[in-house]
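# Working through the structure, step by step
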Amino acid sequence: MHISVAKLGGEDDLLTIEIASDLTIKDLKAVIESESDFGIQAGQMNLYHDGKTKTREKSRLTFE
């Protein structure tokens, strides 16, 4: 699956990556940290989808 990730407040900061749909939120944050130049450590990231925070680190990706 392809996802696009933007840095909050960063107009030009956009990362599009191919990921497995069975990743955990924690693993996704690690991928974003390693693939981006956002300068944010995985442990300091907050991920949002449809205005809701994805907080459960061990949960699998679901974007329903």
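Placed above this text is the structure.
Residues numbered from 1 in each chain as written. Predicted model: local features only at pLDDT ≥ 70, side-chain atom pairs only at ≥ 80, totals over all residues. Heavy atoms only, no water.

For the rest of this paragraph, the subject is the layout of surface pockets. In this structure, the largest pocket spans a volume of roughly 470 Å³. Along the wall of the largest pocket there are 20 residues; nearest its centre are V5, A6, N46, L47 and Y48. Elements that contribute at least two residues to the lining of the largest pocket include exactly β1 (2-6), α1 (25-35) and β3 (47-49). A per-element tally of the lining of the largest pocket places β1 first, with four residues. Looking at the lining of the largest pocket, its residues break down into 14 nonpolar, four polar and two charged. (1 Å grid on protein atoms, 1.4 Å probe; cavity = no way out; pocket = protein on both sides within 12 Å on 5 of 7 lines; lining within 4 Å. Points joined across faces, edges and corners; volume = space filled by probe spheres on them. Helix = DSSP H or I, 4+ residues; strand = E, 2+ residues; numbered from the N terminus. Nonpolar A, V, L, I, M, F, W, Y, C, P; charged D, E, K, R; others polar.)

Moving on: the pairing of strand β2 (residues 14-18). Covered by surrounding structure in β2 are L15 and I17 only, the residues L14, T16 and E18 on the alternate face being uncovered. One ladder, built from five bridges, connects β1 with β2; its direction is antiparallel. When the sheet's bridge partners are listed, S4 is paired in β2 with T16. (Buried < 20%, exposed > 50% of the residue type's maximum accessible area, 1.4 Å probe, protein only. Pairing = 2+ DSSP bridges.)

Once that is clear, we can look at the side chain of S36. Within the element layout of this structure, S36 appears in the loop between α1 and β3. Only 2.8 Å separates the side chain of S36 from the backbone oxygen of I32, close enough to count as a polar contact. A distance of 3.4 Å separates the side chain of S36 from the backbone nitrogen of F38, its partner in a polar contact. (Polar contact = N/O pair within 3.5 Å; in protein donor to acceptor, adjacent residues only side chain to side chain.)

Taken as a whole and judged by the stated rule, the model has one salt bridge. The closest approach of N and O atoms between E57 and K29, which form a salt bridge, is 2.6 Å. One end of the pair, E57, is in the segment after β4 (52-54); the other, K29, is in helix α1, with 28 residues separating them in the sequence. (Salt bridge = Lys/Arg side-chain N within 4 Å of Asp/Glu carboxyl O.)

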